[in-house]
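# An overview of the molecular structure
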Amino acid sequence: MDFNMKKLASDAGVFFSRAVQFTEEKLGQAEKTELDAHFENLLAKADCTKNWTEKILHQTEVLLQPNPSVRVEEFLYEKLDRKVPSRVTNGELLAQYMVEAANDFGPGTPYGKTLLKVGETQKRLGGAERDFMHSASINFLNPLRNFLEGDWRTITKERRILENRRLDLDACKARLKKAKAAEAKASAEHELRVAQTEFDRQAELTRLLLEGISSTHVNHLRCLHEFVESQATYYAQGYQYMLDLQKQLGRFPGTFVGNAESTSPPPATTSPTTVAATIPVVPTVGRAPNSATAVEGALNLKDVKPPASGTRKARVLYDYEAADSSELALLADEMITVYSLPGMDPDWLIGERGNQKGKVPVTYLELLS
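The rules we used
Residues numbered from 1 in each chain as written. Predicted model: local features only at pLDDT ≥ 70, side-chain atom pairs only at ≥ 80, totals over all residues. Heavy atoms only, no water. Axes fitted to C-alpha atoms, helices over the stretch in contact; angles between N-to-C directions. Helix = DSSP H or I, 4+ residues; strand = E, 2+ residues; numbered from the N terminus. Parallel < 35°, antiparallel > 145°, perpendicular 65-115°, else oblique. Contact = heavy atoms within 4.5 Å. Nonpolar A, V, L, I, M, F, W, Y, C, P; charged D, E, K, R; others polar. Buried < 20%, exposed > 50% of the residue type's maximum accessible area, 1.4 Å probe, protein only. Pairing = 2+ DSSP bridges. Salt bridge = Lys/Arg side-chain N within 4 Å of Asp/Glu carboxyl O. Expected span 1.5 Å × (residues − 1). Arc of directions from axis to C-beta. Core = buried A, V, L, I, M, F, W, Y, C linked by side-chain atoms within 4.5 Å.

Attention now goes to the packing of helix 6 (residues 182-211) against helix 7 (residues 213-250). As a packed pair, helix 6 and helix 7 sit with axes 4 Å apart at the nearest point and diverge in direction by 20°. Classified by the angle their axes make, helix 6 and helix 7 are roughly parallel. Along the contact surface, helix 6 presents Leu 209, Leu 210 and Glu 211, while helix 7 presents Ile 213, Ser 214 and Ser 215. Among the residues forming the contact of helix 6 with helix 7, the class breakdown is 3 nonpolar, 2 polar and 1 charged.

Right under this line is the structure:
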């Protein structure tokens, strides 16, 4: 009990001495031991690293999970050391709604078929997003968190100890200056030597930790490369999925006509029969009734001649890659001549560009008068 009381009194004395020294320094009434320039640069570099790591970490979390409520919930699960419940991504949820809508509207209808295809692509996009979020969390977010919650906490603790050692050292210097008697001077000099030793030891330990910030930068650089790789993979997958979807939608039977303001083929109220009737038709002989495929297969496009009058001009809305030799590849904003053949699918026309000729999807065209 006596020992504890003595230790408590000693600690209180040290705390009071540090408080007095700190106050006098702030008031300009006491000298302060300054750290060397290299040490100060290390401190500045460490503070800069900590501040920017916090900002980058937070904004990356926002990028991966824009919903703040979900981020708070995940943070609580992490702090409670509990597994975060799995959630569907926005793309997967949209895919689910589209599939359910297609089943209600009829999966055999043009709209239902398109919903199913788009829903399938949204599901794939959602899966790619999930993989990206998982990879970014492991390879990028976790190392940043580990630095802030591990290395930085250690550095902060040692810096605090170093500041206390400096206050003790400066307090000893002040007492030595005030000492008059020889015995008081001897005691003050002994305390000063002890304080200087402890300060030097703590300064060296803190310096080693601060110099480790360079290694932290190297580690974070490697993690940043991995983050970029996973993000590039994610966007490449999304781009490929959407290209595939565009090709599939271009071959789907439906009632879609493009216009100048649209960024994707919007639905039109015109029926397939009406659309086909507005396009000049080249008469053919000997086609089997109700067999558009047979007509197109038996017809040699090279022998097809456009009608003498009434052909229409069309502006291409989107790039289109021909699937085979019977189709004509398109480039956005180019002008082509179009007309229809009897029995053709109403969503396809014959397009001509100079000496080139082939089938083109109506959804990729703006028909001009």
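As a further point, take the environment of Ile 138. With respect to the helices and strands, the residue Ile 138 is situated in helix 5 (residues 110-178). Classification of Ile 138 as partly exposed rests on a relative accessible area of 42%.

On a regular strand, one side chain projects to one face of the sheet and the next to the other, so that they alternate. Where burial is concerned, most of strand 3 (residues 348-353) is hidden: 5 out of the 6 residues are buried. With 3 bridges connecting them, strand 2 (residues 335-339) and strand 3 associate as antiparallel partners. Each residue of the ladder has a partner; that of Tyr 339, found in strand 3, is Ile 350. Hairpin remark: strand 3 followed by strand 4 (residues 356-361), antiparallel, with 2 residues in the connecting loop; positive phi at Gly 354, about 65°.

Alignment of strand 3 against strand 4, held across 6 bridges, turns out to be antiparallel. If you follow Leu 349 over to strand 4, its bridge partner there is Val 360.

What follows is about the pattern of salt bridges. Where charged atoms from two side chains of opposite charge approach closely, those side chains can pair. Under the counting rule described, the total for this entry stands at 17 salt bridges. The salt bridge partner of Arg 353 is Glu 334, with a shortest N-O separation of 2.7 Å. Remark: Glu 334 occurs in the loop between strand 1 (312-316) and strand 2 and Arg 353 occurs in strand 3; sequence separation between them is 19 residues. One salt-bridge network, held together by shared partners, links Asp 36, Glu 204 and Arg 207.

This part is about helix 4 (residues 90-105). An α-helical segment advances 3.6 residues per turn. Residues three or four places apart therefore align on the same side. Relative to the 22 Å expected for 16 residues at 1.5 Å per residue, helix 4 spans 22 Å between its end C-alpha atoms, a close match to the ideal helical length. Looking at helix 4, one finds that the buried residues are Gly 91, Glu 92, Ala 95, Met 98 and Ala 102. Here the buried residues of helix 4 occupy an arc of 120° about the axis, which is enough to place them on one side. Residues of helix 4 that are exposed and point more than 90 degrees away from the buried face comprise Asn 90 and Asp 104. Elements in contact with the buried residues of helix 4: helix 5.

By the element assignment, Thr 53 lies in helix 2 (residues 37-64). Discounting chain neighbours no more than four positions away, the residues touching Thr 53 are Leu 144, Phe 147, Leu 148 and His 220.

Moving on: the nonpolar core. Of all hydrophobic cores here, the largest spans 30 residues; its most connected members are Phe 39, Phe 132, Phe 140 and Leu 210. Sorting elements by how many residues they give to this core places helix 5 first, with 14 residues. Those residues in contact with Phe 39 that sit more than four places away from it in its chain are Leu 162, Ala 203, Thr 206, Arg 207 and Leu 210. Membership of the second largest hydrophobic core comes to 20 residues, among which are Leu 328, Leu 341, Met 344 and Leu 365.

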